[in-house]
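# Coordinate analysis (summary)
Okay, here's what each chain looks like letter by letter:
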Amino acid sequence: MAVLKTENLTRHFGGLVALNGVNIEFREDEILGIIGPNGAGKTTFINVIAGIYLPTRGKIFFNGEDVSDQPAHKRCRLGIGRTFQLVRPLPGLSLLENIMVGALFGKGLGKEEARKKAEELCEFLGLSDFTRDVTRMTALEIKKMEIAHALATQPKLLFLDEVMAGLNGDETMEMIDLVKKIHSRGIAIGIVEHVMRVIRELTHRVVVLEWGELIAEGPYEEVSNDPRVITAYLGEEA
Amino acid sequence: MRISKTLLYLVIFIFLLTLPLYTGVYLLNVMDIILIYMALALSWDMLLRSGQISFGMAGLFGVGGYTAVLLHLNAGLNPIVSIILGGLAAGVLAWLIGVAVLQLRGMYFAIVTLALAEIFRVIVRNLPDLTGGPEGTVLPSAIFAGNSTKTYWLTLSVALVSVITSEIFRCTRVHFALTSIRNDEIVAKSSGIDVFKYLVFIFMVTSAIQGLTGGAYAHIYGFVSPEGSFSVDFTLLPIAMALLGGMHSTWGPVVGAVLLGMVSEFLKLQIPYGHLLVYGLIIVIAILFFPQGIVGTLGKNLKRAGGA
C-alpha cells in the first residue's frame, strides 16, 4: 500500500518551475531513493511534502488522506518526518532537549515521557552526554541528533535529506546501518543522496528528478543504466 | 540542591513580604517603581523568547490603566477587580491584534507594535467624554487611601504574577516551543509546533501582564492621562532593564530592574536632569561589554568555574 502518493505535484517560485507534474508513490515498507543533479528539485519536493511550501498545483495523499492544504505542523503530527540538508540544531537547548521538542509537539507527549523517549532514541542512535550544548558536537553527532529529533515525532514516513554529506567513510558505514535499523522499526524512508554507493546499498527503488520533472523510476540497477539518467548526470556527448 | 533553592526563594519571599516592617515610606515608594518596571521588563522578555520584539508595551500598559480607572469610576467596581479587568482587557485586545499582525515577524512586527501604542494614545485623547481627553482623568483618591504598605503589597503581587508566569513558562513545554520558534521557525513547524498559535498566546499573556501593571500603576498614582499613561518610558526603561540584566531568563530582567531602578533613583538625587545621560551611558556600556547581560555573563562564568 502507498503511504504517500503525489498527483501532478507542481511548485513554482515566481517564473521558476521547481517541480512539474510529479507523480510518485512511497510504499509503506520501502526505502525510496530520490536522486538527481543539483537543482533538480529534490529538496523542494521534501519541503512541499512536509508542508513548508504549499503546492502550486497537484495533490498529496498521506495514508489515503488529502493533506495538500494542511500546514507543516499538522503534517508532522500525521506522521511525516524530515531532516534538513543543512543541519539546523536549536541552540539554547541541550542535545536531549532538542530531541524532546519532536516528542513534545510532534507526538504530544508530556515532558517526562518526552524525556524518556528522547533518552531511548539517544541510546538507539548511539548518542551520549545528553546535557551537552549543541554547539559542541561533531558533524556525525549533529546528524544523528537531527534524525533523533525527527524520529521523536514518531513518523510513519521519514525523509533524510543528504544525511551522509560531510561524513567520512567509517561514519557513512555507520549511518547506513542506522538507516537500516530505522527502517526495520517499520518506518518508510525517502532518502535524498548524492553518494551512489549509499543509494545502491539502501534503496529498494529509486526515482530520478531533473529540472523538476520525474525522468526515471525503478530499482537502482535499472535506473543507473537508463540513458536519460546518465545524460542528466553527465550531460550530452558533444 | 532543590530543597535549598526552594528554601532560598521562601526566605526572599518572606523578607519581601515583611519589608514594610523594617523600612520607611521612601524606600517602599522606590520599591513600588522597581516592582512595576520589573513586571514590565519580564513581560517584554517573555515575548522576546519567541524572537519577537515589542515596542508596544506603553500602549497595553495605558489601556490597562484607563480600563481600570474608568471601570472603577464609572461602574463603581472595586479597585482590585478593576485592575484585574484592566489586565484582561489588554489581553483580549492583544489577542485581536495578534491574530491580525502576527503574520509579521521581527522588525515588521516591532514597528506595528510601536504604532499601536501611538494609536491608543490618539484614541484616548479624542474621546473626552469617556476618557477625559488630553487632560486625563483623576481619581478622587488613590488606592488604599495612599497607604504605602498596602500599595507596596499590590506592586509586589503584580511583580510576582510576572515572575511566576515566567517561571511556569520556563519549566513547561512553552519553553521548548518558544526557543524553537526563536531559533528556527521551519524546524519548529516541522516538529509539530503550531507557530502562529504560540505567538498569539505569548503576545496575549504578556500584554495581559502589561495591562495589569498599568492598572495597578494608575490606581496607585490616582490618575490617567494620554501623555503619562502611554509614556514611552514604560516601553524603553523595561527594555533597558531586561537587556542589562540578561535576556531569555527570569532572573535577568529582575536583576536589571532592581539595579537600574536603584541607580536611576540615586542619580535623580545626585544630578537632577543629568541622570538620564548617565542612565543612557550605563545601558550603552552594558550592551557593548555584556551583550548577555549581567545574569547571562555571571551564569556563564559560574558554569565555567564549576566545570573546570
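Rules and cut-offs
- Residues numbered from 1 in each chain as written.
- Chains lettered and ligands numbered in written order.
- Predicted model: local features only at pLDDT ≥ 70, side-chain atom pairs only at ≥ 80, totals over all residues.
- Helix = DSSP H or I, 4+ residues; strand = E, 2+ residues; numbered from the N terminus.
- Rg over C-alpha atoms; globule rule 2.2 N^0.38 Å.
- Buried ≥ 20, exposed ≤ 12 C-beta atoms within 10 Å, placed from the backbone.
- Contact = placed C-beta atoms within 7 Å.
- Axes fitted to C-alpha atoms, helices over the stretch in contact; angles between N-to-C directions.
- Parallel < 35°, antiparallel > 145°, perpendicular 65-115°, else oblique.
- pLDDT = per-residue confidence, 0-100.
- Pairing = 2+ DSSP bridges.

### Remarks on the overall build of chain A
Each helix and strand in chain A was counted, giving 9 helices and 11 strands. Rg of the C-alpha trace for chain A: 18 Å, near the compact-globule value of 18 Å for 238 residues, within the 12% margin. Projected onto the principal axes, the alpha-carbon positions of chain A cover approximately 55 × 40 × 35 Å. Relative to its full complement of 238 residues, chain A shows a buried share of 45%.

### Side note on the interface of chain B and chain A
Listed by partner, the interface residues are 16 residues for chain B and 22 residues for chain A. Contributions of two or more residues to the side of chain B that touches chain A are made by helix 9 (173-183) and helix 10 (185-190) of chain B. Top element by residues in the side of chain B that touches chain A is helix 9 of chain B. It accounts for 6 residues.

### Thoughts on the packing of helix 3 (residues 95-106) of chain A against helix 9 of chain B
Running from amino to carboxyl end, helix 3 of chain A crosses helix 9 of chain B at an angle of 110°, the nearest separation of the two axes being 10 Å. Overall, the two elements helix 3 of chain A and helix 9 of chain B adopt an arrangement that is roughly perpendicular. Residues A:Glu97, A:Met100, A:Val101, A:Leu104 and A:Phe105 of helix 3 of chain A form the contact with helix 9 of chain B, whose participating residues are B:Arg173, B:Phe176, B:Ala177 and B:Ser180.

### Thoughts on the confidence of the model for chain B
When pLDDT is averaged along chain B, the result is 91, and 98% of the positions lie at 70 or above. Both confidence scores are given for the complex: pTM 0.92, ipTM 0.90.

### Observations regarding the sheet that holds strand 11 (residues 213-218) of chain A
Residues and elements named next belong to chain A. Taken in spatial order, the 6 strands line up as 7-8-9-4-10-11 in an open sheet, and their pairing is mixed. Where the open sheet ends on each side, the last strands, each with one partner, are strand 7 (80-82) and strand 11. On average, each strand axis in the sheet is tilted by 20° relative to the strand beside it, whichever way the strands run. In this sheet, strand 11 lies alongside strand 10 (residues 205-210) in antiparallel orientation, the contact comprising 5 bridges.

### Brief notes about the pairing of strand 1 (residues 2-13) of chain A
Residue and element names in this part refer to chain A. Pairing of strand 1 with strand 3 (residues 25-27) involves 3 bridges; the strand directions are antiparallel. Residue pairing in the sheet places Ala2 in a bridge with Arg27 of strand 3. Pairing of strand 1 with strand 5 (residues 57-62), which is carried by 5 bridges, proceeds in the antiparallel orientation. Residue pairing for strand 5: Thr6 is matched across the bridge by Ile60. In this structure, strand 1 lies alongside strand 2 (residues 16-22), joined through 4 bridges in antiparallel fashion. Its bridge partner lying in strand 2, His12 is registered against Val17. The turn joining strand 1 and strand 2, which pair antiparallel and follow one another in sequence, is formed by 2 residues; a positive phi near 60° is taken by Gly14.

### Some details on the environment of A:Arg136
For A:Arg136, the location among the structural elements is in the loop between helix 4 (111-125) and helix 5 (139-152). A sequence separation of 21 residues divides A:Arg136 from A:Leu157, and the C-alpha atoms of the two residues are 30 Å apart.

### So, the pairing of strand 8 (residues 157-161) of chain A
Residue and element names in this part refer to chain A. Across the 5 residues that make up strand 8, a large majority, 5, are buried. With burial as the criterion, each face of strand 8 is covered, one bearing Leu157, Phe159 and Asp161 and the other bearing Leu158 and Leu160. Strand direction decides the pairing type here: strand 7 and strand 8, joined by 3 bridges, are parallel. From the neighbouring strand, Gly81 faces strand 8, where its bridge partner is Leu158.

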